[in-house]
Number of protein chains: 2
Amino acid sequence: MQPHPAPPVFAAVDWGTTSFRLRLVDARGEVVGERRSEQGMRALARDGYADVLAAHLAALGAPALPVAVCGMAGSREGWHEAPYVDVPASPGEILDHAVRVPAAALDVRILPGLAVRDPDRPDVMRGEETKLLGFLAGEGEADGLVCMPGTHTKWVRLAGGRVAGFATVMTGELFALLCEQSILRHAVAGQEGTGRPDAPDFLAGLARGLADPGGAVAALFALRARGLLLGAGGGETADRLSGLLIGAEVGGQLADGAARRVTLVASGRLAGLYARAIEAAGAEVRAIEADRAVLDGLTLAARRFWPEAFERRSA
Amino acid sequence: MQPHPAPPVFAAVDWGTTSFRLRLVDARGEVVGERRSEQGMRALARDGYADVLAAHLAALGAPALPVAVCGMAGSREGWHEAPYVDVPASPGEILDHAVRVPAAALDVRILPGLAVRDPDRPDVMRGEETKLLGFLAGEGEADGLVCMPGTHTKWVRLAGGRVAGFATVMTGELFALLCEQSILRHAVAGQEGTGRPDAPDFLAGLARGLADPGGAVAALFALRARGLLLGAGGGETADRLSGLLIGAEVGGQLADGAARRVTLVASGRLAGLYARAIEAAGAEVRAIEADRAVLDGLTLAARRFWPEAFERRSA
């Protein structure tokens, strides 16, 4: 039996474009300490990462732990580049390409992103690959389609336990741009939608998007006209736009019965909205909490990088 | 025979969101004077329109001419509202709903916009209806599909000489938002495309958009990845994005052989790009210069409002 709280064996860091999240993890893979900030890549110069990391570790009283990092810190514009690994790629192949930050005071390993080098359909991901590791390492389904919604939603095909390919759809970014910057901002009027998957306008937009994914762009202006001619409110318009875009995305990805089951790696509002959309498209949803998937992926990596730390602690 | 230059009989004003254009027109429908500025609706308060108009007329030495106006000056937020006329609508029905600005020192008539009140597909236009009047009044094709590209492209169905219906596609606005505000701005890198319909990247994007209009949104992120992985340049990316979006739009509108011939009312770069797209989709193009179409529409209106002015002058 271990005393509580158990001592941490490594720090798991998800270092994105606009956010930083560090979790201290014990030998059982449980979180025993956490820090978050907005010190993402966009806020940092290349020589700023080490100090930010050291300060957060010191604040948690764990200044010397090894650190596993995923996300944009590993991009060319980040702390230290961890070059993309081409798909198809297995979890082991991905981990083999983690890069140790040279000359750092700590043992910091950054996981690589993934790339599709097909000139007809090139694509990249950085950060999401770690969520895949997480659940491939767990109960792991070896084949099938995975949806990871976000600003840039990733649709990943798994085959034989490897990442076979993936495609990115900018639905989240498009939604924000249209609400805030386009002529539709007059119809949305600064209001947020309910974000609820059972909201009538979300469902109406969803049905439209699913029924005719190719017509979604051509259906956007009607949201403006609905406000002018029919007095639709801002929140209703936001819900309807959300449904339309998510419906078109999911309808396109699941066209022709592409999958009977989709693993949905998501959290918060998007989890509910995408689950509803995938079910409406006729597929079954297997839901995985995104924050947990990142942590599981980084823990899998840590067990590979520093096996002795886990053995020592769990002895 | 008239002396040259012939005296103007009315002022034709296209008053949009961001621009003002006034042309003095003689009894034969020819332009004998012109003024342009950026005094569009967005730059003006409701009580500013009369002074702007008077100043431009005075500068042309024609302070007392009657004025026919189309565009956003007739919107609720403009000078004086000319409420939307519901489709289907004939040229005569549209002109019957022109509104005279009350208490103005001049005789100013504002043409109404058009509305589709179908709750499944509501839509509005304001300004483009005048271009339709122009060519319906001319050699006029009574039936068929009309494409009027712009920030918000209008696709209009004509039947029996009336406007039967229309749909707006926000392709131009989407292109600008994606180039300037989205993650694709890194790939476009502030560069302009060639804007040429024979540019290889435009044609590659066009083929993709036409072949799979429903996949266009899902294909956007690949433009970012092309820059990262394949070193595509900013101008190439802009051309490819332009082709993709125009291809998806035209492919969607001409799906299932919707038209064998399209009347294209356009000017500048967009005229060439849309002509190429429509031809690639298998339809024939009948090209009409957009600036001329507006003028012809306003002249048709003026002949109806002030027939005696035309008779007197051409006598």
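Conventions we followed
Every residue gets a number counted from 1 within its own chain, in the order that chain's sequence is written. Chains and ligands are labelled sequentially in the order written, the chains with letters from A and the ligands with numbers from 1. pLDDT decides what is reported in this predicted model: residues at 70 or higher carry local features, side-chain atom pairs at 80 or more are listed and counted, and totals for whole chains, interfaces and linings draw on all residues regardless. Hydrogen atoms and water are omitted, and side-chain values are computed over all heavy atoms in the structure. To qualify as a helix, a DSSP run of H or I must reach at least 4 residues; to qualify as a strand, a run of E must reach at least 2; elements of each kind are numbered from the N terminus. The contact criterion used is simple: two residues touch if any of their non-hydrogen atoms lie within 4.5 Å. To qualify as a nonpolar core, a set must consist of buried Ala, Val, Leu, Ile, Met, Phe, Trp, Tyr and Cys residues joined through side-chain atoms within 4.5 Å. Relative accessibility decides the category of a residue: with a 1.4 Å probe and only protein chains considered, values under 20% of the type maximum give buried, values over 50% give exposed, and everything between is partly exposed. Least squares is the method for superposing the copies, and the C-alpha atoms it fits come from residues with pLDDT of at least 70 in both. Accessible area that two parts lose when put together, evaluated with a 1.4 Å probe and summed over both, is termed the buried area. A pair is scored as a salt bridge if a Lys or Arg side-chain nitrogen falls within 4 Å of a carboxyl oxygen belonging to Asp or Glu. We define a polar contact as two N or O atoms separated by no more than 3.5 Å, with the added condition that, inside protein, one atom must be a possible hydrogen donor and the other a possible acceptor, whereas residues neighbouring each other in sequence contribute only through side-chain atom pairs. Gly counts as polar in this scheme, as do all residues outside two lists: the nonpolar Ala, Val, Leu, Ile, Met, Phe, Trp, Tyr, Cys and Pro, and the charged Asp, Glu, Lys and Arg. Two strands pair under a simple rule: DSSP has to find at least two bridges between them.

## So, the environment of A:Gly251
Residue and element names in this part refer to chain A. Residue position: Gly251 is located in helix H9 (residues 234-253). Taking the C-alpha atoms as reference points, Gly251 and Gly209, 42 residues apart in sequence, are found 7.0 Å from one another. Contact partners of Gly251, with chain neighbours within four places excluded, come to Leu210 and Pro213.

## Comments concerning the nonpolar core
Counting 41 residues, the largest nonpolar core has A:Leu178 and B:Leu178 as the members making the most contacts within it. If we ignore the near neighbours within four places in the chain, the residues touching B:Leu178 are A:Met170, A:Leu174, B:Leu184, B:Arg185, B:Leu220, B:Leu241 and B:Leu245. Core analysis: the next-biggest nonpolar cluster, separate from the first, contains 40 residues, B:Val87, B:Phe135, B:Leu136 and B:Ala290 among them.

## Regarding the relation of the copies chain A and chain B
When chain A is fitted to chain B, the residual RMSD is 0.0 Å, and the transformation amounts to a turn of 180° plus an axial shift of 0.0 Å. When the rotation and shift are considered jointly, the pair of chain copies conforms to a two-fold rotation axis. Taking C-alpha positions as reference, the residue of chain A nearest the rotation axis is A:Gly214, located at 1.6 Å.

## So, the interface of chain A and chain B
Taken together, the 38 residues of chain A in the interface contact 38 residues of chain B. Summing both sides of the interface, chain A and chain B together bury roughly 3500 Å²; the carbon and sulfur share of this comes to 68%. Counting the surface chain A buries against chain B, the share from its top three residues, A:Met170, A:Phe221 and A:Leu229, is 19%. At the surface where chain A touches chain B, the tally comes to zero salt bridges. Where chain A touches chain B, the interface holds six residue pairs in polar contact (both at pLDDT 80 or more). Secondary structure elements with two or more residues in the side of chain A that touches chain B: strand E8 (114-116), strand E9 (123-125), strand E12 (162-169), helix H4 (171-181), helix H7 (216-219) and helix H8 (221-230) of chain A. Residue contributions to the side of chain A that touches chain B peak at seven residues, all from H8(A). Its residues assigned to classes, the side of chain A that touches chain B comprises 23 nonpolar, six polar and nine charged.

## Some points on H8(A)
Each α-helix turn comprises 3.6 residues. Residues three or four places apart therefore point the same way. All names here are of chain A. Counting buried residues along H8, seven of its ten residues qualify, which places the element largely inside the surrounding structure. Among the residues of H8, those classed as buried are Phe221, Ala222, Leu223, Arg224, Ala225, Arg226 and Leu229. Directly beyond the C-terminal end of H8, a positive phi value near 70° is found at Gly231.

## So, the sheet that holds strand E5 (residues 85-86) of chain A
Here three strands make up an open sheet; going across it, the order is E5-E8-E9 (chain A) and the pairing mixed. Of all strands in the sheet, those with a lone pairing partner are E5 and E9 of chain A, marking the two edges.

Any functional reading would require information that these geometric values do not contain.
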